[in-house]
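# Fold and geometry: a report
Listed below, chain by chain, are the residues.
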Amino acid sequence: MMHYGSCHCGRIAFEVEGDIKSAMACNCSMCQRKGTLMWFVPRDALRLTTPEANLATYKFNKHVISHHFCPVCGIHPYGEGTDPKGNRMAAVNIRCLTDVDLDSIPVTHFDGRSK
Ligand SMILES: [Zn+2]
């Protein structure tokens, strides 16, 4: 299934293919502040429909995850990194998808704070 997402102002828009079986909430210093609900997909499943140059990127700690956000409206639609096997992954913030009923998606909690 194809899902469509964007930041608030629309400078960042994307489509992403896959079934959302669950989402992850994390309590690390970053995720707790952002309040994102993350859905992990292979990076190739996500296609930006706006220029890559519209993305601003924040990195912290080990600098292994690129937290992308919109420099105009401040929304964080997704992040990028690699899984333990080296595959490129995207963590889509399902709160930024337009067609998703958030209440229907089970949320698992990840204790990122103590990692
Ligand atoms: Zn924006």
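A few points on the structure. These numbers come from a predicted model, not from an experiment.

## A word on the pairing of strand β7 (residues 66-69)
Bridging between strand β6 (residues 56-58) and β7 involves three bridges; their strand directions are antiparallel. Counterpart to Tyr 58 in the pairing with β7 is His 67. The pairing of β7 with strand β8 (residues 78-82) spans three bridges and is antiparallel. For Ser 66, the partnering residue across the bridge sits in β8 and is Glu 80.

## Points about the coordination of the zinc ion
The protein atoms that coordinate the zinc ion are Cys 7 (SG), Cys 9 (SG), Cys 70 (SG) and Cys 73 (SG), at distances of 2.3 to 2.4 Å. Sequence spacing of the donor residues for the zinc ion, all on one chain, is C-x1-C-x60-C-x2-C. One end of the pair, Cys 7, is in the loop between β1 (2-6) and β2 (13-17); the other, Cys 73, is in the loop between β7 and β8, with 66 residues separating them in the sequence. Among the residues examined, Cys 73 registers a relative accessible area of 26% and is labelled partly exposed.

## Things to note about the sheet that holds strand β5 (residues 46-48)
The strand order β1-β2-β5 describes an open sheet built from three strands, whose pairing is antiparallel. Each of the sheet's edge strands pairs with one partner strand only, and the pair in question is β1 and β5. Across the sheet, the mean angle from the axis of one strand to that of its neighbour is 20 degrees, orientation sign disregarded. Here β1 pairs with β2 via five bridges, running antiparallel. In the sheet register, Met 2 faces β2, and the bridge partner there is Glu 17.

## Remarks on the side chain of Asn 54
Tracing the backbone shows Asn 54 in the loop between β5 and β6. Classification of Asn 54 by relative accessible area gives buried; the value is 16%. A polar side-chain atom of Asn 54 sits 2.8 Å from the main-chain carbonyl oxygen of Arg 11. Ignoring any residue separated from it by four or fewer positions in sequence, one finds Asn 54 in contact with Arg 11, Ile 12, Phe 69 and Pro 71.

Cut-offs used in this document
- Within each chain, residue numbers correspond to sequence positions counted from 1 in written order.
- Per-residue local features are limited, in this predicted model, to residues with pLDDT of at least 70; the limit for side-chain atom pairs, both in listing and counting, is 80 or more; totals at the level of whole chains, interfaces and linings are taken over all residues.
- With hydrogens and water excluded, all non-hydrogen atoms of the structure serve as input to the side-chain values.
- By this definition, two strands are paired if DSSP reports at least two bridges between them.
- Only DSSP runs of H or I covering at least 4 residues are called helices, and only runs of E covering at least 2 are called strands; the numbering of each starts at the N terminus.
- Atoms of type N, O and S within 2.8 Å of a metal are treated as its donors, and for Na, K and Ca the window is 3.2 Å; water is not considered, so some sites may appear to be missing partners.
- Only protein chains enter the calculation, and the probe is 1.4 Å; a residue is then buried if its accessible area is under 20% of its type maximum, exposed if over 50%, and partly exposed in between.
- Only C-alpha atoms enter the line fits that serve as axes; for helices the fit covers just the stretch in contact. Angles between N-to-C directions range over 0 to 180 degrees.
- We call two N or O atoms a polar contact when they sit within 3.5 Å, provided that within protein one can donate a hydrogen and the other can accept it, with sequence-adjacent residues counted only if both atoms are side-chain atoms.
- Residues count as neighbours in contact if any of their non-hydrogen atoms are within 4.5 Å of one another.

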